[in-house]
Amino acid sequence: MGQMPNRFTSEIGGPSIQLRDIAAPLSITETRLPAGMAMMALVLSGGVSVARGMDAPLEIDDAASMAVGAGGLAWFPPGKMGRIRADAGTRASLLMVSEIGLAQALPTGAMSLRLRDMMAEEHLFQLTPDDQAETRRYLGALRDEIARGAPGADAGGDLIRASLLTVLLVRLYRLGHAGQSAAPAPRALIERFARLVAMRRREGWGVADYARELGVSRKQLGRVVQRATGRPPLDFIHRQLHADACDLLSNSRLQISEIAFRLGFSDPAYFTRFFTRLEGVTPGRYRRTRRAKPPAPPESYAIWP
């Protein structure tokens, strides 16, 4: 996979701030990004994957890359991305800013500290049509000012560019504090999903319930969990319930029907089928087998008092 040809991007700017407009041809294309710069990516159609680090793979790997779909707005702190891959037909705008450029755009007072905290983390938002249009307008205005002249050549132009960048950063901050972060970063989504399963797995929740609670679509949750674990969300939930069932069958005197109800099954017969499918034996046989085994000896006498 080669570097993106000129038709893929148009680029304006200098060492402190750059804007690239992506108009991908009908094929997947990839290129490197400037080292040490922060990036805001607005995806209008198609999708992009951004690798964390120059050598990170751009494969289906949530630990190494972030996928941004149509309508998505992503933020990467300085030095956190190395390459970008665009799907066929992608249209997007990339705003890249050096740490010096960010420092010049920071306002004074408490907002400066809030923006610094925000800019230190990755963010991924799914924009409403109105927010998308507004962000495009500010990026367009910034593009026009960059095209007017080189940084330093016009003090008034430098001030306008810094001011427009400030507005974009504040808008990003507001998105994160107005309940509009509908597309959390994959790693954060996986962690929240795992914690939620730990709390709710015995309440009979389905995948749609978890997705609704996490503020994402069922399709998005399924895609992220599948990529991170190799299994669909329902399988992850079932395996947690299976582990609970094994523990209760081995270490409690509850009747099998009581275990079924405790784990959120309204029908003990369905629990039996569920357990047998995952374990290969019925709950009753599993319990008898476990009780027939002698307790395991201590691994070392050194642990004795």
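If you're wondering where the values come from, they're calculated on a predicted model, not measured in any experiment.

Novice: What should I look at first to understand the overall build of the protein in this one?
Specialist: Looking only at helices and strands, one finds 11 helices and 10 strands in the protein. Looking at the protein as a whole, 43% of its 305 residues qualify as buried. Put simply, of all contacts in the protein between residues at least 6 apart along the chain, 70% involve residues at least 24 apart. For the protein, the accessible area works out to roughly 16200 Å², and carbon and sulfur atoms hold 52% of it.

Novice: What's the story with the confidence of the model for the protein in this structure? I'm lost.
Specialist: Any region with low pLDDT has predicted coordinates that should not be read closely. With 80% of its residues at a pLDDT of at least 70, the protein reaches an overall mean of 80. The model gives residues 1-9 a pLDDT under 50, and that stretch makes 24 contacts with residues more than four places away or in other chains. Counted against residues more than four places away or in other chains, residues 298-305, with its pLDDT under 50, gives 2 contacts.

Novice: Explain the nonpolar core to me, please; I cannot follow it from the model alone.
Specialist: One broad rule of soluble globular proteins: the nonpolar side chains tend to lie buried together. The biggest cluster of nonpolar side chains holds 28 residues, and the ones touching the most others in it are W75, L95, L142 and L169. Counting only elements with at least two residues in this core, the list comes to β2 (17-23), β4 (38-45), β7 (72-76), β9 (91-97), α1 (99-105), α2 (110-119), α3 (129-148) and α4 (155-176). The leading source of residues in this core is α4, at 7 residues. Once residues lying within four places of it in the same chain are set aside, the contact partners of L169 are W75, L102, A105, L115, M118 and M119. Of all hydrophobic cores here, the second largest spans 27 residues; its members include L214, V225, I237 and L254.

Novice: Can you walk me through the environment of A245 in this structure?
Specialist: Mapped onto the secondary structure, A245 falls in helix α8 (residues 233-251). What makes A245 buried here is its relative accessible area of 0%. Excluding anything up to four places from it in sequence, A245 contacts L263, F271 and F275.

Novice: Is there a simple way to think about the pattern of salt bridges in this case?
Specialist: Side-chain pairs of opposite charge can arise whenever the charged atoms involved come near each other. Tallying each qualifying case throughout the model produces 12 salt bridges. The residue D244 makes a salt bridge to R202 at a minimum N-O spacing of 3.3 Å. Within this pair, whereas D244 is found in helix α8, its partner R202 is found in the loop between α5 (186-200) and α6 (207-214), the two being separated by 42 residues in sequence. The exposure class of D244 is buried, given its relative accessible area of 10%. We classify R202 as partly exposed; its relative accessible area is 33%. In this structure, the salt-bridge partner of D235 is R231, at a minimum N-O distance of 3.3 Å. Through salt bridges with shared partners, a single ionic network connects R201, R202 and D244.

Novice: Teacher, can you tell me more about helix α7 (residues 218-229) here?
Specialist: Helical geometry: 3.6 residues make up each α-helical turn, so side chains three or four residues apart lie on a common side. Across its 12 residues, α7 extends 16 Å between first and last C-alpha, which sits within 8% of the 16 Å expected from 1.5 Å per residue. Where α7 is concerned, the buried positions are Q220, L221, G222, V224 and V225. Looking one or two places after α7, you find G230, whose phi comes out positive at around 80°.

Novice: So what exactly am I meant to see when it comes to the packing of aromatic side chains here?
Specialist: Within this structure, the stated rule accounts for 8 aromatic pairs. Taking 5.3 Å as the distance between ring centres and 45° as the angle between the ring planes, the aromatic pair formed by F193 and F236 counts as tilted. Taken as a pair, F193 in helix α5 and F236 in helix α8 lie far apart in primary sequence, 43 residues in all. The buried category is assigned to F193, whose relative accessible area is 2%. Assessed through its relative accessible area of 21%, F236 is described here as partly exposed. Consider the rings of W205 and Y210, whose centres lie 5.2 Å apart with planes at 65°: the pair is edge-to-face. Taking relative accessible area as the criterion, Y210 reaches 0% and is therefore assigned buried.

Novice: Before we go on, may I ask you to explain the environment of H238 in this structure?
Specialist: Mapped onto the elements of the fold, H238 is located in helix α8. Sequence separation between H238 and R201 is 37 residues, and the spatial gap between their C-alpha atoms is 8.4 Å. Leaving out residues up to four positions away in the same chain, H238 has contacts with F274, R277 and L278.

Novice: Just checking my understanding: could you explain the side chain of D131 for this structure?
Specialist: You can see D131 is positioned in helix α3. On the accessibility criterion, D131 (15% relative accessible area) is buried. A polar contact is formed between the side chain of D131 and the side chain of R171, at a distance of 3.3 Å.

Novice: Looking at this structure, I do not really get the pairing of strand β8 (residues 83-86). What am I missing?
Specialist: Residues R83 and R85 line one face of β8 and the alternating positions I84 and A86 line the opposite face, and both faces are buried. Strand direction decides the pairing type here: strand β3 (residues 29-32) and β8, joined by 4 bridges, are antiparallel. Its bridge partner lying in β8, E30 is registered against R85. With 4 bridges joining them, strand β5 (residues 47-51) and β8 adopt antiparallel strand pairing. Paired with A51 across the strands is R83, a residue of β8.

Conventions used here
Residues numbered from 1 in each chain as written. Predicted model: local features only at pLDDT ≥ 70, side-chain atom pairs only at ≥ 80, totals over all residues. Heavy atoms only, no water. Helix = DSSP H or I, 4+ residues; strand = E, 2+ residues; numbered from the N terminus. Buried < 20%, exposed > 50% of the residue type's maximum accessible area, 1.4 Å probe, protein only. Contact = heavy atoms within 4.5 Å. Areas by Shrake-Rupley, 256 points an atom, 1.4 Å probe, with all protein chains shown as cover. pLDDT = per-residue confidence, 0-100. Core = buried A, V, L, I, M, F, W, Y, C linked by side-chain atoms within 4.5 Å. Salt bridge = Lys/Arg side-chain N within 4 Å of Asp/Glu carboxyl O. Expected span 1.5 Å × (residues − 1). Phe/Tyr/Trp six-rings, centres within 6.5 Å; stacked < 30°, edge-to-face > 60°. Polar contact = N/O pair within 3.5 Å; in protein donor to acceptor, adjacent residues only side chain to side chain. Pairing = 2+ DSSP bridges.

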